[in-house]
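Overview (structure and organization)
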Amino acid sequence: MANDSKTWRCGKYELSFDRPRIMGVLNVTPDSFSDGGEHFDADAAIEYGLAMLDAGADIIDVGGESTRPGFTPVNPDEEARRVLPVVRALAKEGAIVSIDTRHVAVAKAAVRCGASIVNDVTGFTDPKMVEFVATSTCGVIVMHAGEVAAPTRTHATVQLDTSAAAFVAEKAREAAAEAAREAEKPARRRRGKLLGEPKTEAKLPGGVVQPSLPFGDPEPAPEPADEQKQTAPAAERVAPAAEPAATPEPAPEPNDHLAAMMRRSARREEAYVPTSQLRRFTLPDSAPIMRRVMGFLSDQARTLIHAGVSRDRICIDPGPGFGKTANEDIVIQRETAKMASLGYPLMCAVSRKRFVGAVSGVTEAAARDAATFGVCLGAIQAGANIVRVHDVTGFAQFLNGYWAVAKPQPRRAFVAVGSNLGHRCDNIRAARDMIAEIPLTCVSNCSRIYESEPAYETRQDAFANAVIEIKTELAPLVLLDELQKIELELGRDRSKKAKVNGPRTIDLDLLWMDGETHGGKKLRLPHPLIGERDFVLVPLEDLMHDPARFFRFNGVEVKEPEDRVGHIVGELGRM
């Protein structure tokens, strides 16, 4: 199950998996398979990314190149132009941002702009990408893209011609070939050895040998030269009249193995027709498929580790839909537990994929969210840790409902309470009692109530402040909604005319929650201003030893007492 001890280090963030993590898909592209063009404008993409964070996403996966079947490759400059403003804006809001790219230049630029994860659909088969992530601290996602069926031998079609003219032409060709061989023998022999073509290896710029990619087919045989075409016998040059000329496809970039593989995948899906051939089993044998997928993921993870990437930075993804048929994708999803046993955080990235449509009978990609949730639930139960989805709002509700019933999981959290209108101490005690009534939540401890100077907006009355320690099984955003309901019930004015840091009957801030890191406009965890608020840190000393050290360990900058705001000036009694 997802409730395990794995952690994933992604730059300055560390994700725990005491509950599954949600990765929201943000395609800044005009041609993605289910949402192409919806967020192509940078401002629209940023707004949508923030909305996904507020809906419950833990990570935002930003991509600027569609890799759907039959996609058109995008050059790195155009891809960077699309994604970098989005990455920069979301990272500024405290989001954990993943850059979905196979181009090293784009990955480098995105990490400089604040991305914490590099999601490489080609599985870090480019040595330059391996070299880059080895020198950074970002998290990495190793994905398998490629065919998993055993390669089949292909044979050229042979057409027999038994006419007398063809027989004579064949004999003439044999005689000419024999004469040519005899004429070449003296020239080809030198010092008793035959000269031959030296074997060559494909190399990347800089002399690096290109590793074999998991994308399949061998290079096609070279076309015959023009002179050979002109001298070919008439019987060989005549094309069969029954075959119509094929419509040419737009060619991918040179050596673009991913584009070629996805084109083959699209043609294979389109060309499939049911046959009457009898089979004993509904699905292909899982052993050879999983050997290819798990073998590739393990090999690439080891390559990264040997290059200097720590094991706790690596996540793996079997790459559903990338060169795989619906049957093969189902086989791989059923073997989720085996992939989880490799020990790396495991991604389930099935959202709206073709095989989800195949098993649910839903043709339109954007309408496959409910079926996606079902497949994701099966993966979570088998050990998947991260779920990559398009519909974050729907899946967060789905997951919260399932997790509340299936997984008892109380976690510690701290809530800051403040008031400077009306009966301040009574307001704080009323808030405490109402927090204790929140579903799946209890109050476990309370600090004393302190009086503090007003912070930020200094021309107002002094505040009464306290911190409440709770245990809760709610998701952070759900808990925040409950706290804001209490504020409204106790008379907090949240209208636009109210000053942000002005007087209020009650103020409830979720400061910290065990195992949670979150960014966005609605909620930041840990609270980004803990380290400068004396009226929070002093009450916390009643609940824990050395809160400054505790929050520094959790990545929060904590200021010295003389540099803080809202200094404590007295004690008002116990809660």
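Criteria and thresholds
Residues numbered from 1 in each chain as written. Predicted model: local features only at pLDDT ≥ 70, side-chain atom pairs only at ≥ 80, totals over all residues. Heavy atoms only, no water. Helix = DSSP H or I, 4+ residues; strand = E, 2+ residues; numbered from the N terminus. Buried < 20%, exposed > 50% of the residue type's maximum accessible area, 1.4 Å probe, protein only. Contact = heavy atoms within 4.5 Å. Areas by Shrake-Rupley, 256 points an atom, 1.4 Å probe, with all protein chains shown as cover. pLDDT = per-residue confidence, 0-100. Pairing = 2+ DSSP bridges. Axes fitted to C-alpha atoms, helices over the stretch in contact; angles between N-to-C directions. Expected span 1.5 Å × (residues − 1). Bend = angle between axes of the 7 residues up to and from the residue.

**Observations concerning the overall build of the chain**
Scanning the chain from N- to C-terminus turns up 18 helices and 18 strands. Every one of the 575 residues in the chain was classed for burial, and the buried ones make up 47%. Nonlocal contacts in the chain, meaning residues at least 24 apart in sequence, comprise 72% of its contacts between residues at least 6 apart. Within the structure as shown, the chain displays about 29700 Å² of accessible surface, and the carbon and sulfur contribution to it stands at 53%.

**Considering the confidence of the model for the chain**
In the predicted model, the chain carries a mean pLDDT of 84, and 78% of its residues have values of at least 70. With pLDDT under 50 throughout, residues 188-211 is counted as low confidence; its partners more than four residues away or in other chains account for 20 contacts. The low-confidence segment residues 224-252, where pLDDT is below 50, has 14 contacts with residues more than four positions distant or belonging to other chains.

**Some words on the sheet that holds strand E6 (residues 117-120)**
Pairing is parallel in the open sheet, where 8 strands are placed in the order E10-E7-E6-E5-E4-E3-E12-E11. This sheet does not close on itself; its edge strands, each paired only once, are strand E10 (314-317) and strand E11 (347-348). Judged from the 2 bridges that link them, E11 and strand E12 (residues 386-389) form a sheet pairing that is parallel. Note on E12: the bridge partner recorded for Met 347 is Ile 386. This element, helix H9 (residues 286-307), spans strand E7 (139-143) and E10 of the sheet and lies at about 150° to E7.

**What about helix H2 (residues 76-92)?**
In this model, H2 (17 residues) spans 23 Å end to end at C-alpha, consistent with the 24 Å of a helix rising 1.5 Å per residue. Of all the bends in H2, the greatest reaches close to 35° and is centred on Val 83; the proline Pro 85 follows between one and four positions later. Where H2 is concerned, the buried positions are Glu 79, Ala 80, Arg 82, Val 83, Leu 84, Val 86, Val 87, Leu 90 and Ala 91. Of the residues flanking the end of H2, it is Gly 94, one or two places downstream, whose phi is positive at about 85°.

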